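The chain contents come next:
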Amino acid sequence: MKHTSLKTFPENFLWGGSTSAYQVEGAWNEDGKGPSVVDMANHVEGVTDFKVTSDHYHHYKEDVALFAEMGFKAYRFSIAWTRIFPEGTGEVNPKGVEFYHNLIDEIKQHNMEPIVTMYHFDLPYALQQQGGWANRATVDAFEQYAQVLFNEYGDKVTYWLTINEQNMMILHGDAIGTLDPSLKDPKKDLYQQNHHMLVAQAKAMRMCHDKLPHAKIGPAPNIVSIYPATSKPEDILAADNYAAIRNWLYLDMAVFGKYNHIVWSYLEENGWTPVIQDGDMEILKGAKPDFIAFNYYTSQTVQESTGDGEEKQGTGDQHLTIGEPGVFKGAKNKHLKTNEFGWEIDPVGFRTTLRQIYSRYGLPLIVTETGLGAFDKLEEGDKVHDEYRIDFLRKHLEQMRLAISDGVEVFGFCPWSAIDLVSTHQGISKRYGFIYVNRDEFELLDMRRIRKDSFYWYQKVIKTNGQEI
């Protein structure tokens, strides 16, 4: 759709950036913090672990000041469950509680909105040893954790995100590092875990509304447009299958409180239906999000499953392979360019995704991740020329403004990432931030914070409320 004139970004639009605790904080075992599954996982050989990362734990005042200098209206970050409950449940760790009070206070003192992700991949290891999300007791542990967060920070935080990219943990847990390698029937177990996470999310949303009537809460999955490889009806059917399994299962449950019918049929066909306890569906139906947060990096393309054993196709990083016999087959999109990590770059798909989510659910949207990872180079004079990142974000913002002109209600944009952090797969070398952190994979150097070219570009974007992109 062509527009003769474009709508402007809304007044009080939440321009910001995002991080996650395990990728940015460091201090992995300081001040009483317990180990998470990420801390204890086998890391990719040849890249750093998550023990120090960007050391945000000790640099948060400096970092928040830089975000404020950029003009951030919001900072989206996650709370490490194991800082609050080192064992996942039981005794609260006062030092962990204090750190997030200090961080939130610092954010608010700089006139930014804290956007808090409750859970971003880093399940307490003590709970994993007891079965993790496959154990129903983890639902109770999350409910206890949520209660502490709402009690402690509820008077300071308006925007809450429940679970980051639950769909990626279920579909690509092996790539992310959250999948238990000892599982005998991974898919059956994963969809049981998924059900428990959905129940835990619903309980958190209901609790938030009961305890904090001023607050707003929503899910934060990774949602992307799924294209059929051709107009062949079987390819379109395959795309419909994958969109339901990858996207709509998670949002249909969050918004409507019911399992997507295509996905339920898929689970029945494979013997993967979860055990649903009495009262679960009532809990799920009784929880309503106030908005939908979502992460978008690239669209995906699929075609008919041919049963030739070649269903799985690589698409880069957490989308390492997609395809499932009898359901869909991964395909390349010849119309799209790829970045150096194999991700297809699709700004128009971003607009399409915004339209699809809003048309389906009619809830306000906030973008909580999109961005370009690259091997940034620090040059003489403390310069980082990352015009490729500016180009990526500019094209996505142009398409988001078109989506807003299409009538989509978007209230915030928090790209990945506010500052360099440790990537799940490529360590610190693959950088996403507006701010360069001076360290390499195995040498911490001086950890200086250095403004990239994209820092100044984004500063201007925010200052003009998106008029100068």
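Worth saying up front: this structure is predicted, and the values here are computed from it rather than measured. (Residues numbered from 1 in each chain as written. Predicted model: local features only at pLDDT ≥ 70, side-chain atom pairs only at ≥ 80, totals over all residues. Heavy atoms only, no water.)

A.B. asks: Would you mind going over the overall build of the protein with me for this structure?
C.D. replies: Secondary structure summary: the protein contains 16 helices and 15 strands in total. Taken over C-alpha atoms, the radius of gyration comes to 21 Å for the protein, in line with the 23 Å a tight globule of 469 residues would show. Structurally, the protein occupies a C-alpha span of about 60 × 55 × 45 Å along its principal axes. Out of the 469 residues in the protein, the part that is buried amounts to 61%. In the protein, the share of contacts with a sequence separation of at least 24, taken over all contacts with a separation of at least 6, comes to 76%. For the protein, the exposed surface amounts to about 18200 Å²; the carbon and sulfur share of it is 48%. One way to put it: in the protein the 47 positive side-chain charges average out to a point 5 Å from where the 65 negative ones average out. (Helix = DSSP H or I, 4+ residues; strand = E, 2+ residues; numbered from the N terminus. Rg over C-alpha atoms; globule rule 2.2 N^0.38 Å. Buried < 20%, exposed > 50% of the residue type's maximum accessible area, 1.4 Å probe, protein only. Contact = heavy atoms within 4.5 Å. Areas by Shrake-Rupley, 256 points an atom, 1.4 Å probe, with all protein chains shown as cover. Lys, Arg positive; Asp, Glu negative; His and termini not counted. Charge placed at Lys NZ, Arg CZ, Asp CG, Glu CD.)

A.B. asks: Explanation requested: the nonpolar core in the structure shown.
C.D. replies: Most often, soluble globular proteins keep nonpolar side chains buried together rather than apart. If you look at the biggest cluster of nonpolar residues, it comprises 134 residues, and the most contacted ones within it are W160 and M400. Looking at this core element by element, the count peaks at twelve residues for helix α11 (residues 233–256). Those residues within four positions of M400 in sequence are excluded, and the remaining contacts are F9, F13, F350, L354, V367, V410 and F413. I115, A220, F291 and I366 belong to the second largest nonpolar core, which has eleven residues in total. (Core = buried A, V, L, I, M, F, W, Y, C linked by side-chain atoms within 4.5 Å.)

A.B. asks: Can you help me understand the sheet that holds strand β4 (residues 159–164) in this one?
C.D. replies: Strand pairing in a sheet is mediated by backbone hydrogen bonds. Such pairs are either parallel or antiparallel. The sheet built from eight strands is open, its strands ordered β5-β4-β3-β2-β1-β13-β12-β7 with parallel pairing. What marks the edges here is a single partner per strand, and that holds for β5 (216–220) and β7 (292–295). The mean angle between the axes of side-by-side strands here comes to 25°, regardless of whether they run parallel or antiparallel. With three bridges joining them, strand β12 (residues 365–369) and strand β13 (residues 410–413) adopt parallel strand pairing. When the bridges of β13 are listed, L365 appears paired with V410. Packing against the sheet, helix α5 (residues 94–109) makes contact with β2 (74–78) and β3 (113–119), and its axis sits at approximately 165° to β2. Strands β3, β4 and β5 of the sheet are contacted by helix α7 (residues 137–153), whose axis makes an angle of about 165° with β3. (Pairing = 2+ DSSP bridges. Axes fitted to C-alpha atoms, helices over the stretch in contact; angles between N-to-C directions.)

A.B. asks: What exactly am I supposed to notice about the packing of aromatic side chains here?
C.D. replies: Two aromatic rings, taken as a pair, are described by how far apart their centres are and by the angle between their planes. Summed over all chains, the structure comprises 40 aromatic pairs. Plain terms: the ring middles of W15 and F413 are 6.3 Å apart, the flat faces sit at 80° to each other, and that makes the pair edge-to-face. Placement of the pair is W15 in strand β1 (residues 14–18) and F413 in strand β13, with a sequence separation of 398 residues. Grouping residues by exposure puts W15 and F413 together as buried. Arranged with centres 5.0 Å apart and planes meeting at 70°, the rings of Y22 and F50 form a pair that is edge-to-face. (Phe/Tyr/Trp six-rings, centres within 6.5 Å; stacked < 30°, edge-to-face > 60°.)

A.B. asks: What am I meant to see in the packing of helix α15 (residues 387–405) against helix α16 (residues 453–463) here?
C.D. replies: If you want to describe how two helices pack, look at the angle between their axes and the distance between the axes. α16 packs onto α15 with a crossing angle of 25° between their chain directions and a minimal axis gap of 9 Å. In terms of orientation, α15 and α16 fall into the roughly parallel class. Between α15 and α16, the contacting residues are R389, I390, L393, R394 and L397 on the first element and D453, S454, W457 and V461 on the second. Considered class by class, the residues forming the contact of α15 with α16 number five nonpolar, one polar and three charged. (Parallel < 35°, antiparallel > 145°, perpendicular 65-115°, else oblique. Nonpolar A, V, L, I, M, F, W, Y, C, P; charged D, E, K, R; others polar.)

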